[in-house]
Amino acid sequence: MNLFVIVYYTLLLIASCLAAYFNKRTWFLLLFSLTLVSFILGIVGGTGTLRAVAIGAGLLALAGMVSYAFREFLIILASHEMAKELRTAPLTAAFGMFIIFTYAIAGIFAPWIAPHGEAEVIASAFAPADENMLLGADQLGRDIFSRIIYGTRNSVGLALAATIAAFVLGALAGLLAATKGGWFDQFMGRFADVIMSIPSLIFALLMLSIFGPHIHVIIIAVAVIYAPRVFRLTRAVAGNVVVMDYIEAAKLRGEGTWYLIRREILPNSTAPLVAEFGLEFCFVFLLVAGLSFLGLGIQPPTADWGSMVRENATLISFGDITPLIPAAAIALLTVSVNFVVDWMLFRSSGLKEK
């Protein structure tokens, strides 16, 4: 125990001194702040707290190294212009892209990654983890790890499909409203205000209660809920574009509405719309997970992260945190997408790092 404390503080002080010697001011402040925080927490909480701090710092360092390596990997594969943009990406954005890439691989190759079937019963209810089940069994004896892998495809896939539907519907309406103007613009704006005034969860629960918790009903309900948000942003962005001189010139040439949208307005509105797509995906993903937790999302035996938290919540009463793993997967993906969106918003704002 004393050896751990000595080695821990020695490594931190050596790293802090090296950062100061090589004039790495940011790293010195970070490392020495960690040393001071560890000293205080070690006095208050003892060696156990100090070990927890060390594990947390180690995980952060590991995440930073993985993010840096993944960013360099993308730079090598990317084109010259894209590589130039990726070099300016912070490690948080690289970490987000790595997590998104990992989830995509897990979802696409779920049948080959998962050791057991999605609904295959292989043990007794709530069986503990063993060599065949990494995380144990659920309330019916199905492998939790396999269902989490399959849940990546189902949960993320449903959220992505609903986001695309909402985005296409809202962006198309916003572009048409900005291009046509007049009564159509006013009507679409007031209609969007009416939809946005209805609480999203109540509207979704009402739709699913009436038409049943089917996949297509969930996609339509979510699209109707979030399309007005996309509409308002698209209308605002496109409204700044339609007043430009080249739009007036295109109108004088006799170009039609679809030409203006496809060739003039949309290419000049792409950056904020792409960032908005990421934000909308986070909102939709959390709503879909909430509906599944309430029992109105993806129905059994299909694996879904929200329903997995509800089905195995009994284990929490016995000190088993396994039901929190699907919840952590939801939170991790949401945070990762936000990291990438923040970087994209920074790029589209035109600001430059010093």
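In what follows, the structure referred to is the one given above.
Since this is a predicted model, take the numbers as computed values, not measurements.

Cut-offs used in this document
- Residues numbered from 1 in each chain as written.
- Predicted model: local features only at pLDDT ≥ 70, side-chain atom pairs only at ≥ 80, totals over all residues.
- Heavy atoms only, no water.
- Helix = DSSP H or I, 4+ residues; strand = E, 2+ residues; numbered from the N terminus.
- Contact = heavy atoms within 4.5 Å.
- Areas by Shrake-Rupley, 256 points an atom, 1.4 Å probe, with all protein chains shown as cover.
- Lys, Arg positive; Asp, Glu negative; His and termini not counted.
- Charge placed at Lys NZ, Arg CZ, Asp CG, Glu CD.
- Buried < 20%, exposed > 50% of the residue type's maximum accessible area, 1.4 Å probe, protein only.
- Core = buried A, V, L, I, M, F, W, Y, C linked by side-chain atoms within 4.5 Å.
- Expected span 1.5 Å × (residues − 1).
- Bend = angle between axes of the 7 residues up to and from the residue.
- Patch = residues over 30% accessible without salt bridge, like charges linked within 9 Å, V, L, I, M, F, W, Y side chains within 5 Å.
- Salt bridge = Lys/Arg side-chain N within 4 Å of Asp/Glu carboxyl O.
- Polar contact = N/O pair within 3.5 Å; in protein donor to acceptor, adjacent residues only side chain to side chain.
- Phe/Tyr/Trp six-rings, centres within 6.5 Å; stacked < 30°, edge-to-face > 60°.

Q: Describe the overall build of the chain, listing the residues and the values that go with them.
A: If you tally the helices and strands in the chain, you get 14 helices and zero strands. In the chain, the succession of α and β elements from N to C terminus is α-α-α-α-α-α-α-α-α-α-α-α-α-α. For the chain, the C-alpha atoms occupy an extent of roughly 80 × 60 × 40 Å along the three principal directions. Look at the contacts in the chain between residues 6 or more apart in sequence, and 66% of them connect residues 24 or more apart. About 19600 Å² of surface is accessible on the chain, with carbon and sulfur atoms providing 71% of the total. Here the chain contributes 22 positively and 22 negatively charged side chains, and the mean placements of these two sets differ by 9 Å.

Q: Which residues make up the environment of A104, and what values do they have?
A: With respect to the element layout, A104 can be found in helix 4 (residues 91–108). The exposure class assigned to A104 is partly exposed, which follows from its relative accessible area of 35%. Taking the C-alpha atoms as reference points, A104 and D342, 238 residues apart in sequence, are found 20 Å from one another.

Q: Go over the nonpolar core, please, and point to the residues and values.
A: Counting residues in hydrophobic clusters, the biggest one holds 38 residues, and the most contacted among them are V222, F285 and W305. Mapped by element, the contributors of at least two residues to this core are helix 4, helix 6 (144–180), helix 8 (200–211), helix 9 (215–241), helix 12 (270–293), helix 13 (305–311) and helix 14 (324–349). Top contributing element to this core by residue count: helix 12, with nine residues. In this structure, F285 is in contact with S155, V156, A159, W305, I330, L333 and T334, ignoring residues within four places of it in sequence. One finds L175, A178, M188 and I247 within the second-largest nonpolar core, a separate group that totals 15 residues.

Q: Please set out helix 6 residue by residue, giving values where relevant.
A: Compared with an ideal rise of 1.5 Å per residue, which puts 37 residues at 54 Å, helix 6 spans 53 Å between its outermost C-alpha atoms and is within 8% of the ideal. Of all bends in helix 6, the biggest is about 35°, found at G151. Here helix 6 lies mainly inside the structure; 26 of its 37 residues are buried. Following helix 6 by one or two positions, G181 adopts a phi angle in the positive range, close to 65°.

Q: Which residues make up a nonpolar patch on the surface, and what values do they have?
A: There is a patch of nonpolar side chains on the surface, built from F101, I105, I108, F109, W112 and I113 and spanning about 630 Å² of accessible area. Those elements giving two or more residues to the nonpolar patch turn out to be helix 4 and helix 5 (110–113). With respect to the helices and strands, the residue I105 is situated in helix 4.

Q: Describe the environment of T179, listing the residues and the values that go with them.
A: Among the structural elements, T179 can be located in helix 6. Given the relative accessible area of 11%, T179 is considered buried. Sequence separation between T179 and R71 is 108 residues, and the spatial gap between their C-alpha atoms is 39 Å. Discounting chain neighbours no more than four positions away, the residues touching T179 are V242, K251, T257, L260, I261 and I265. Within polar-contact distance, the side chain of T179 engages the backbone oxygen of L175 at 2.7 Å.

Q: Residues and numbers for the side chain of H116, please.
A: Residue position: H116 is located in the loop between helix 5 and helix 6. Judged by relative accessible area, which is 18%, H116 ranks as buried.

Q: Explain the pattern of salt bridges to me, using residue names and the numbers behind them.
A: With the rule as written, the count across this model stands at six salt bridges. As a salt-bridge pair, E311 and R142 come within 3.8 Å of each other at their nearest N and O atoms. Linking E311 in helix 13 with R142 in the loop between helix 5 and helix 6, this pair joins segments that are 169 residues apart in sequence. Comparing E311 with R142 shows no difference in burial state: the two are buried. In this structure, the salt-bridge partner of D193 is R232, at a minimum N-O distance of 3.9 Å. Placement of D193 in helix 7 (residues 182–196) and of R232 in helix 9 is noted, with a sequence separation of 39 residues between them. Three or more residues are tied together by salt bridges with common partners; here these are D138, R142, R147 and E311.

Q: A description of the side chain of D143 should follow, citing residues and the corresponding values.
A: Mapped onto the elements, D143 comes out in the loop between helix 5 and helix 6. For the buried D143, which has no salt bridge, the nearest side chain bearing the opposite charge is R147, at an N-O separation of 9.2 Å. One polar contact links D143 to S146, side chain to side chain, over a distance of 2.6 Å. With near-sequence residues (within four places) excluded, D143 lies in contact with P115, H116, E120, I122, M133, L134 and G136.

Q: Please set out the packing of aromatic side chains residue by residue, giving values where relevant.
A: Inspection of every chain in the model, using the stated rule, returns 14 aromatic pairs. Judged by centre distance (6.3 Å) and plane angle (15°), the rings of F187 and F191 are stacked. Taken together, the positions of F187 and F191, both in helix 7 and four residues apart, correspond to about one turn of that helix. By relative accessible area, which is 46% here, F191 ends up partly exposed.

Q: Which residues make up the environment of W258, and what are the values?
A: Mapped onto the secondary structure, W258 falls in helix 11 (residues 257–265). In this structure W258 comes out as exposed when scored by relative accessible area, which is 52%. Here the alpha-carbon distance between W258 and A159, two residues 99 residues apart in the chain, equals 29 Å. Look past the residues within four positions of W258 in its chain and what remains in contact with it is L172 and L176.

Purely geometric stuff here, so don't read any function into it on its own.
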